[in-house]
Amino acid sequence: MFKKSKIEMNGFTITQEEILEMSNYPENFKDEVFIANGDLDFTGCTKLKALPKILGVDGNLIIDGCTNLTALPECLIVKGSVSITGCNNIVTLPTKIVVFENLFVTQCPALSYLSDDMMVSQMLNIENCHNLTTIPANMQYIGYIRIVNCQGLTSLPEQLISVNNLVIKDCLNLISLP
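Predicted, not measured: the structure shown is a model, and the values here were computed from it.

A. Structural context of the pattern of salt bridges. Applying the stated rule across the entire model yields 3 salt bridges. Note that Asp 58 and Lys 79 form a salt bridge whose closest N and O atoms lie 3.2 Å from each other. With Asp 58 in the loop between β5 (54–57) and β6 (61–64) and Lys 79 in the loop between β7 (75–78) and β8 (82–85), the pair connects residues that are 21 residues apart, well separated along the chain. Its relative accessible area of 39% is what places Asp 58 among the partly exposed residues.

Here you go:
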C-alpha cells in the first residue's frame, strides 16, 4: 500500500482509497503517457484492468494482487525496481521494458511471453510463472538471473552464458542448457 494517504502525479491528486477502486487509470490522463515522480504502488487493486500505454516511474513500481489486470503498458521505464506479483491475467510483459535495478515477476500463472526488447540492469527474478516456455535470446541483462518453478520452461538461449550469476530451480521441463 502507499505510505501516504494520497499521491500527486502529473498535477493530479488521488487518494489510496480511490486507487483501490480504480478499474482503469484516471481519465484525467488523456494522453496515454503516465509519469510518476516517485514510487508507484498498486497493491490489492483488484478492480484495476488497464494501465496507460507508456508508464515511467522515477522510483519503484509494485503491481501486486491486481487480479483483473489483463495488460501492462506497451512501454515501461522504471529507475528503481519492479515487482509484479499475483497478477493472474497478465500474459506478457511490456513490449519495451527498461528497469534500472531489479525485475521480480512472481505467481503470474498466465505469463507466457517475455519481450526481446527488455533491459534489466541488476536482477531478473521469475518465479511460479508456469506458462512461460522460453527466455528471449535478445534480452539485455547485466547481473543475476533467477528462474524458479516455471514448469513450462523447456530451453534457454545461448546468450545466458555471459550472465554473471544464473540460478534455475524446479523447472522440471527444462530439456537443455545453452
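B. Region of the structure containing the side chain of Asp 41. Note that Asp 41 resides in strand β4 (residues 40–43). Side-chain polar atoms of Asp 41 contact the side chain of Thr 43, separated by 2.4 Å.

C. Focus on the confidence of the model for the protein chain. In this model, the protein chain carries a mean pLDDT of 81, and residues with pLDDT of at least 70 account for 79%. Mean pLDDT across the elements of the protein chain ranges from a minimum in strand β1 (residues 6–9), with 44, to a maximum in β8, with 97. Counting contacts from residues 1–14, a segment whose pLDDT is below 50, to residues more than four positions away or on other chains yields 40 contacts.

Rules used in this analysis
Residues numbered from 1 in each chain as written. Predicted model: local features only at pLDDT ≥ 70, side-chain atom pairs only at ≥ 80, totals over all residues. Heavy atoms only, no water. Salt bridge = Lys/Arg side-chain N within 4 Å of Asp/Glu carboxyl O. Helix = DSSP H or I, 4+ residues; strand = E, 2+ residues; numbered from the N terminus. Buried < 20%, exposed > 50% of the residue type's maximum accessible area, 1.4 Å probe, protein only. Polar contact = N/O pair within 3.5 Å; in protein donor to acceptor, adjacent residues only side chain to side chain. pLDDT = per-residue confidence, 0-100. Contact = heavy atoms within 4.5 Å.

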